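Residue-level structural notes
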Amino acid sequence: MRKILLFAIPVLLAYCQCKTTPEKGIIMTVNGPVSSEKLGSWLTHEHILVDFIGADSISNDRWKKSEVIEKAFPYLQQVKELGCQTFVECTPDFLGRDPLLLKSLSDSTGLNIITNTGLYGARNNKFIPAYAFEETAEQLAKRWITESETGIDGTGIKPGFIKIGVDNGNLSEIHKKLITAAAIAHLKTGLVIASHTGPAIPAFEQIEILKQEGVSPEAFIWVHAQSEKDFSKHIKAAQSGAWISLDGLSDNKLQDYVKMINNLKDNNLLNKVLLSHDAGWYDPGKENGGNYRGYATLFEKLIPLLRNENYSEKEINQLLVINPSQAFTIKIRKVPQ
Ligand SMILES: [Zn+2]
């Protein structure tokens, strides 16, 4: 009996360790973990619901789930038919993040949908709750780690990435705190950090803080990188390992996107590009949710254009399938010692 117990203790300990260590090749959706090879083509930065009322006034009773579902469903159905299988919903907490709504749409459309943890500081901290000004980076990180371990607001639905947001210029103190908290949470959870950033100055400042915290730039998605018009900055960031998210795609910007993607391809960095529309969404502040922008341009227009530019099927697959699944795989990425 004693022998069996002595044998059992290390086995149990090993089991507990693997529960806290992220598994390789796993992506967390609103319906739980999925193997990263089974996710098909992705949209890596979109929205279903965004409420701009502000952190001091937001609450889930500002929208009716059934109305949001009715509005969003046809657009999600459309991209599913166009070949999209995995949809990253980037609306952060205090801007209308609603995991149960996303789960319901995932169940009805069959799309894998991914939600997030974190706090969005852009637009002058309008969406930052009062506690975040008082708490330390470690305390904020603890909240995000708890969500990734136990789920969001008692739903059991876990985030698949960390979403933060910073303003355009040099990082303010609170935005430095957000990226530091994201670094701490990454080192514990292995969730990739997608930061609403825009131009290069705050992008490189965030990458620097990540490195100081021991996190590799490979854990960083430079969101809205298309706002930086000096494309050499895309190259520099991608060479450091960061993901370049060109995510404001629309019908009238196709040629700009072809140029930016060609530039990365010419520098052998096609393996660091993420593409999306930053489209949608139901806005509770507008009548009937306002104008909803669909998600079809990437599949209907950009991919055919890239084929015309002699992109191979392997390269298209790299952009739509391989890059997103690598970026969002749960994996702790440390700066090499
Ligand atoms: Zn967005």
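Residues numbered from 1 in each chain as written. Predicted model: local features only at pLDDT ≥ 70, side-chain atom pairs only at ≥ 80, totals over all residues. Heavy atoms only, no water.

Concerning the overall build of the protein chain
What counts is decided by this rule: Numbering of helices and strands runs from the N terminus; a helix is a DSSP stretch of H or I covering at least four residues, while a strand is a stretch of E covering at least two. Each residue's exposure class comes from its accessible area (1.4 Å probe, protein chains only) as a fraction of the maximum for that residue type: buried when under 20%, exposed when over 50%, partly exposed otherwise. What makes two residues a contact is simply this: any of their non-hydrogen atoms within 4.5 Å. For the accessible areas, the method is Shrake-Rupley and the probe is 1.4 Å, while residue cover comes only from the protein chains on display. When charges are counted, Lys and Arg contribute as positive and Asp and Glu as negative, whereas His and the chain ends are disregarded. Note on charges: their place is set at NZ of Lys, CZ of Arg, CG of Asp or CD of Glu.
Looking only at helices and strands, the protein chain has 11 helices and 11 strands in total. Overall size of the protein chain, expressed as C-alpha extent along the three principal axes, is 70 × 45 × 40 Å. Every one of the 337 residues in the protein chain was classed for burial, and the buried ones make up 56%. The contacts in the protein chain between residues at least 6 apart in sequence include a share of 77% that link residues at least 24 apart. Counting only carbon and sulfur atoms, one obtains 51% of the accessible surface of the protein chain, whose full area is about 15200 Å². Side-chain charges in the protein chain split into 37 positive and 38 negative, and the spacing between the mean points of these groups amounts to 6 Å.

With respect to the nonpolar core
In plain terms, the rule: Nonpolar core, defined: a set of buried Ala, Val, Leu, Ile, Met, Phe, Trp, Tyr and Cys residues in which side-chain atoms within 4.5 Å join the residues together.
Core analysis: the largest hydrophobic core is formed by 85 residues, its most contacted members being Ile-48, Trp-144, Leu-246, Ile-261 and Leu-302. The element contributing the most residues to this core is helix H6 (residues 173-189), with seven residues. Residue contacts for Ile-261: discarding those within four places in its chain leaves Leu-246, Leu-270, Leu-275, Leu-302, Leu-306, Tyr-311 and Leu-319. Ranked by size, the runner-up nonpolar core spans 16 residues in total, among them Ile-27, Val-34, Cys-90 and Val-223.

Details of unusual backbone geometry
Cis rather than trans, the peptide bond between Gly-280 and Trp-281 has omega equal to -5 degrees. Notably, Asp-153 is not glycine yet its phi reads approximately 50 degrees, a positive angle. Within the secondary structure, Asp-153 sits in the loop between helix H5 (137-150) and strand S7 (161-165). The phi dihedral of Asp-278 is positive, around 55 degrees, even though this residue is not glycine. In this fold, Asp-278 is placed in the loop between strand S11 (273-275) and helix H10 (297-308).

Some points on helix H2 (residues 65-81)
Rules: Multiplying 1.5 Å by the residue count of a helix minus one yields the expected span of that helix.
With 17 residues, H2 should reach 24 Å at 1.5 Å per residue; the first-to-last C-alpha distance of 23 Å fits that figure. Along H2, the residues that are buried comprise Val-68, Lys-71, Ala-72, Leu-76 and Val-79.

As for the pairing of strand S1 (residues 26-29)
Applicable threshold: Being paired, for any two strands, means DSSP has found at least two bridges between them.
Across the two faces of S1 the burial is the same, with Ile-26 and Met-28 and Ile-27 and Thr-29 all buried. The sheet contact formed by S1 and strand S2 (residues 32-35) spans four bridges and is antiparallel. Opposite Ile-27, over in S2, you have Val-34 as the bridge partner. Once S1 ends, the chain turns through two residues before running back antiparallel as S2.

Some points on the sheet that holds strand S8 (residues 193-196)
Pairing is parallel across the open sheet formed by six strands, whose spatial order is S6-S7-S8-S9-S10-S11. Pairing within the sheet leaves two strands with one partner each, and these edge strands are strand S6 (116-117) and S11. In this sheet, strand S10 (residues 243-246) lies alongside strand S9 (residues 220-223) in parallel orientation, the contact comprising two bridges. By the bridge assignment, Ile-221 is partnered in S10 with Trp-243.

So, the pairing of S9
For the record, the criterion: For a crossover, the right-handed case is the one in which the path from the first strand over the helix to the second runs clockwise, viewed with the strands pointing away from the viewer.
Of the two faces of S9, the one holding Phe-220 and Trp-222 and the one holding Ile-221 and Val-223 are both buried throughout. Note on the crossover from S8 through helix H7 (residues 200-212) to S9: the handedness is right-handed. Each parallel crossover has a hand, and the one from S9 via helix H8 (residues 232-240) to S10 is right-handed.

A closer look at the side chain of His-277
The condition that has to hold: Distance and chemistry together define a polar contact, namely a pair of N or O atoms within 3.5 Å, with one atom able to donate a hydrogen and the other to accept it when in protein, and with adjacent residues in sequence counting only for side-chain atoms on both sides.
Inspection of the secondary structure assignment puts His-277 in the loop between S11 and H10. Judged by relative accessible area, His-277 falls into the buried class, the value being 0%. Engagement of the side chain of His-277 in a polar contact is seen with the backbone oxygen of Tyr-295, the distance being 3.4 Å. Of the polar contacts made by the side chain of His-277, one reaches the backbone nitrogen of Leu-298; its length is 2.9 Å. Those residues in contact with His-277 that lie beyond four places of it in its chain are Leu-43, His-45, Glu-46, Asp-247, Gly-248, Leu-249, Arg-293, Tyr-295, Ala-296, Thr-297 and Leu-298.

Considerations on the packing of helix H9 (residues 254-266) against H10
This is how the line gets drawn: Axes, fitted as lines to C-alpha atoms, cover a helix only where it is in contact. Angles between the N-to-C directions of the axes lie from 0 to 180 degrees. Here the word oblique covers every angle except those under 35 degrees (roughly parallel), over 145 (roughly antiparallel) and from 65 to 115 (roughly perpendicular). Put simply, a crossing is left-handed when the front helix is turned counterclockwise from the back one by less than a right angle, and right-handed when it is turned clockwise. Three residue categories are used. Nonpolar comprises Ala, Val, Leu, Ile, Met, Phe, Trp, Tyr, Cys and Pro, charged comprises Asp, Glu, Lys and Arg, and polar comprises the others, including Gly.
In contact at an axis separation of 10 Å, H9 and H10 are set at 55 degrees when each is read in the N-to-C sense. Relative to H10, the element H9 lies oblique. For the pair H9 and H10, the sense of crossing is right-handed. For the pair H9 and H10, contact is made by Leu-254, Gln-255, Tyr-257, Val-258 and Ile-261 and by Thr-297, Lys-301, Leu-302, Leu-305 and Leu-306, respectively. Here the contact of H9 with H10 is built from residues that sort into seven nonpolar, two polar and one charged.

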